[in-house]
Amino acid sequence: MPEIAHHMPAAVVGIDIGGTKIAALLVDGQGEILARGVVDAPAREGGRAMADAAAALARELAADAGRTLSAVGVGAAGVVDHETGIIRAASETFADWAGFPLGDELSARLGAPVRVENDVNAFLLGELDHDDSGDDVLGVMLGTGVGGAVVLDGQLRHGPHGAAGEIGHTPGYSDIRCTCGQIGHLETLASGTSIGLRYAERSGETGLTAREVADRARAGDAVAADVFAAAGRAVALACASAAGILDLDRAVIGGGVVNAWDLLLPAIEAALVTDSPVSGVRLEIMPATRGSDAVALGAAAAARRAFSGLGAGAHDPSELEGATL
Ligand SMILES: [Zn+2]
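Residues numbered from 1 in each chain as written. Predicted model: local features only at pLDDT ≥ 70, side-chain atom pairs only at ≥ 80, totals over all residues. Heavy atoms only, no water.

A cluster of acidic residues, D135, D153, D247, D249 and E284, forms a negative patch on the protein surface. Within the secondary structure, D249 is located in the loop between α7 (222-246) and β11 (250-254). (Patch = residues over 30% accessible without salt bridge, like charges linked within 9 Å, V, L, I, M, F, W, Y side chains within 5 Å. Areas by Shrake-Rupley, 256 points an atom, 1.4 Å probe, with all protein chains shown as cover. Salt bridge = Lys/Arg side-chain N within 4 Å of Asp/Glu carboxyl O. Lys, Arg positive; Asp, Glu negative; His and termini not counted. Charge placed at Lys NZ, Arg CZ, Asp CG, Glu CD. Helix = DSSP H or I, 4+ residues; strand = E, 2+ residues; numbered from the N terminus.)

Moving on: empty space enclosed by the protein. For the structure shown, the criterion picks out one cavity of 30 Å³ or more. In this structure, the largest cavity encloses a volume near 40 Å³. Every residue lining the largest cavity is listed: N118, N121, G148, R157, H158, G162, A163, A164 and E166. Considered class by class, the residues forming the lining of the largest cavity number two nonpolar, five polar and two charged. (1 Å grid on protein atoms, 1.4 Å probe; cavity = no way out; pocket = protein on both sides within 12 Å on 5 of 7 lines; lining within 4 Å. Points joined across faces, edges and corners; volume = space filled by probe spheres on them. Nonpolar A, V, L, I, M, F, W, Y, C, P; charged D, E, K, R; others polar.)

Another aspect to go through is the sheet that holds strand β9 (residues 146-152). Pairing within the open sheet is mixed, and its five strands lie in the order β10-β9-β8-β11-β12. The sheet is open, and its two borders are formed by β10 (155-156) and β12 (284-287), each paired with just one other strand. In terms of strand pairing, β11 meets β12 through four bridges, oriented parallel. The residue of β12 that forms the bridge with R250 is E284. With respect to the sheet, α7 is in contact with β8 (137-142), β9, β11 and β12, its orientation differing from that of β8 by roughly 155°. Sitting on the sheet, helix α8 (residues 261-274) is in contact with β8, β11 and β12, with an inclination near 175° to β12. (Pairing = 2+ DSSP bridges. Contact = heavy atoms within 4.5 Å. Axes fitted to C-alpha atoms, helices over the stretch in contact; angles between N-to-C directions.)

For the rest of this paragraph, the subject is the coordination of the zinc ion. Protein coordination at the zinc ion comes from H169 (ND1), C178 (SG), C180 (SG) and H185 (ND1), with a distance range of 2.0 to 2.3 Å. Binding-site remark: the zinc ion is held by donors from one chain whose sequence spacing is H-x8-C-x1-C-x4-H. Since its relative accessible area comes to 6%, C178 is described here as buried. Classification of H185 as buried rests on a relative accessible area of 2%. (Donors = N, O, S within 2.8 Å, 3.2 Å for Na, K, Ca; no water. Buried < 20%, exposed > 50% of the residue type's maximum accessible area, 1.4 Å probe, protein only.)

If you check the domain split of the protein chain, you get domain 1 (5-112 + 292-306) and domain 2 (134-288). When each unit is reduced to the centre of its C-alpha atoms, the spacing between domain 1 and domain 2 is 28 Å. (Domains from an automatic or database assignment.)

Topologically, R198 is positioned in helix α5 (residues 192-203). Classification of R198 as buried rests on a relative accessible area of 11%. A distance of 2.6 Å separates the side chain of R198 from the backbone oxygen of T188, its partner in a polar contact. (Polar contact = N/O pair within 3.5 Å; in protein donor to acceptor, adjacent residues only side chain to side chain.)

The description of two packed helices rests on the angle between their axes and on the distance between the axes. One way to put it is that helix α6 (residues 210-218) packs onto α7 with a least axis distance of 7 Å and a crossing angle of 120°. As summarised for this structure, α6 and α7 are arranged oblique, according to the angle between their axes. Like other packed secondary-structure pairs, α6 and α7 cross with a definite hand, here left-handed. Seen from α6, the contacting residues are A210, V213, A214, R216 and A217; seen from α7, they are A224, A225 and F228. Its residues assigned to classes, the contact of α6 with α7 comprises seven nonpolar, no polar and one charged. (Parallel < 35°, antiparallel > 145°, perpendicular 65-115°, else oblique. Left-handed = near helix turned anticlockwise from the far one by under 90°.)

Formed by 45 residues in total, the largest nonpolar core has its most connected members in L142, L186, F228, C239, I253 and I285. Counting residues per element, the ones that place at least two in this core are β8, β9, α4 (187-190), α5, α6, α7, β11 and α8. If you tally residues by element for this core, the top one is α7, at 12 residues. Look past the residues within four positions of L186 in its chain and what remains in contact with it is V146, I167, G168, T170, Y173, A234, V235 and A238. I17, L61, F94 and V116 belong to the second largest nonpolar core, which has 35 residues in total. (Core = buried A, V, L, I, M, F, W, Y, C linked by side-chain atoms within 4.5 Å.)

As structure tokens, this is what we get:
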């Protein structure tokens, strides 16, 4: 017989909502992983279908582990209002996602307070969780696009428009048109998509993924190696600029392109020699270590911190402050 709910220990679920998958981790009060699961994301069926799928996954993990949910954290693709849990803008992959009140919809389904963060913010929190040294850090996600996030004084910096840390769309790295329509952004060299495109322009061979370009580079293809060197140099310069402005000593680089860290690293190291911050503080640029768990872990961490002062069953996150490391 299952125990009745109020005798069960509590746990926090972190949910990573992307365009193709919804992944979730159930974690205890110390952040240890109790259970994990993944389902297909019904992104084309609309926000309610996404919330249904995420809530069903969270419920299943909690039930299997014999836990109640004390809080829910979400790392969601798109521009997120973390104070209201509403998705502000999203790519066309997601039907009926912009404007969707994800936080309230999940809270109603799961009976627990919900914290929603942008997925790149959650990624950075996930990489820093349990790491006391990570007080002032830039996070850069090299995926389909290039996302960014920044933690200052141990706190995720959202900015007045929720766009703090968005280094992927800062200019000066090339003369190539970006996915956003502007010219020369970091994303034009460093996203997985861009790596395939830049290789195609120079080799005449179209349609290769970043992973396939990496395989070519490792097999001795000089053009492929050059494309990764350009990406690595651009990422390093972006990190050095951010470090110079914000006095950061660390940047964590995640996303699928980091599978080619061996190809990025020589250019990163070379750029750090020639373009290190004038503060003289050594900037460390390191690859992410938590892989596909980082977003869900960071989402859970954000929820734990946001709701740590609340008793079980509290629903109103509106008066709570930002996630603190
Ligand atoms: Zn751009």
